[in-house]
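Listed below, chain by chain, are the residues.
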Amino acid sequence: MKDVGGRTAVITGASRGIGPYMAQALFDRGMRVVLAARSAGELEEVRARIDRSGRLSLAVAADVTRDEDRRELLRRAEERFGAVDVLVNNAGLEAPEAFTEMAWERIEALIDLNVMALMRLTQLALPAMLARRSGQVVNIASLAGLSPVPYNTVYSTSKHAVVGFSESLRYELAGTGVGVSAVCPGFIREAGMFTRYVSGGEDAGMAGTSSPQEVADAVVSAIRHNRGRVLVTPRLARATPLIRAVSPGSVYRMMQVGGILKSLRETAERNAAVGAAPASGNGRAAAPARRRRPKAD
């Protein structure tokens, strides 16, 4: 989808974390954006910052784990702009905890949002895309979907599912004009889950971090070039999936030596000590989205 100008994108989890950055990046490319999240007030604030005129954007308060909300989201997008050309499945939960101590209700909620809701919204959006023989589904997965993440086992499991779903569906839809992409960020600074759970005095060790803008640029690239998988992480961490495939034990040793395992364990222990407040898939509120010159792909 080289030319995205004038097309419509639906973005879930758009009120916080990396969501506003994605919305801004797509809007800057000339796309009409439909923002979805449960928090109506924050969502409208993000929409207003991105598009003051309100002509090229729409905010829809929706809980994408509810089928009626999923259908209403797509209905309102189509009613306002005529078609949904791009679906960005960004809404998600993370819960850094030891698996044995994690309440089953939290496990169910995480899998429901990260996997089931994503698959169902995709299934609802696809028929119209296939009828037009044009469209792109972008699923925000994670480097945790390509490599094990202890003390965040359920989240890692869900993102492995998202990667597998995305790649299998991409093969299934080959030749239809509809593409499927999995964008896999590593640790993201400034906004999102990493900043919510890791205190300011800690970092990601040898894994390094990326900016939320890099994730947004990766989403644009995935759409424009129909890229199947896009990793957003420093160069060293990019080798993790390959190392895991060749020598799984080496990844564990790297996590030990690089301080990643220690950081993950301490984060889980800290969450347990404070009672593991309910996870939020959007992380902390993002800084106001600002207009910028679009980056060349």
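Below or above, wherever it landed, is the structure these notes cover. (Residues numbered from 1 in each chain as written. Predicted model: local features only at pLDDT ≥ 70, side-chain atom pairs only at ≥ 80, totals over all residues. Heavy atoms only, no water.)

What follows deals with the packing of helix 3 (residues 67-81) against helix 4 (residues 104-132). One can describe the packing of helix 3 onto helix 4 by two numbers: an axis separation of 10 Å at closest approach and a directional angle of 35°. As helix 3 runs across helix 4, the sense of the crossing is right-handed. Of the residues in helix 4, those in contact with Asp 67, Arg 70, Arg 71, Leu 73, Leu 74 and Glu 78 of helix 3 are Ala 117, Arg 120, Leu 121, Leu 124, Ala 125 and Ala 128. When grouped by side-chain class, the residues that make up the contact of helix 3 with helix 4 number 7 nonpolar, no polar and 5 charged. (Axes fitted to C-alpha atoms, helices over the stretch in contact; angles between N-to-C directions. Helix = DSSP H or I, 4+ residues; strand = E, 2+ residues; numbered from the N terminus. Left-handed = near helix turned anticlockwise from the far one by under 90°. Contact = heavy atoms within 4.5 Å. Nonpolar A, V, L, I, M, F, W, Y, C, P; charged D, E, K, R; others polar.)

To continue, consider the side chain of Ser 156. As for its position among the elements, Ser 156 is in helix 5 (residues 153-172). Taking relative accessible area as the criterion, Ser 156 reaches 5% and is therefore assigned buried. Residues contacting Ser 156, with those up to four places away along its chain left out, are Ala 144, Gly 145, Ser 147, Pro 148 and Val 149. (Buried < 20%, exposed > 50% of the residue type's maximum accessible area, 1.4 Å probe, protein only.)

With the rule as written, the count across this model stands at 14 salt bridges. Of the charged contacts, one joins Arg 66 and Glu 68 as a salt bridge, the two residues approaching to 2.6 Å between their closest N and O atoms. The exposure class of Glu 68 is partly exposed, given its relative accessible area of 46%. One salt bridge in this structure joins Arg 75 and Glu 79, with 3.2 Å as the shortest N-O distance. Within this pair, Arg 75 and its partner Glu 79 are both found in helix 3, separated by 4 residues, close to a single helical turn. Accessibility expressed as a relative area gives 38% for Arg 75, which makes it partly exposed. Residues joined by salt bridges that share partners form a network here, namely Asp 67, Arg 70, Arg 71 and Arg 120. (Salt bridge = Lys/Arg side-chain N within 4 Å of Asp/Glu carboxyl O.)

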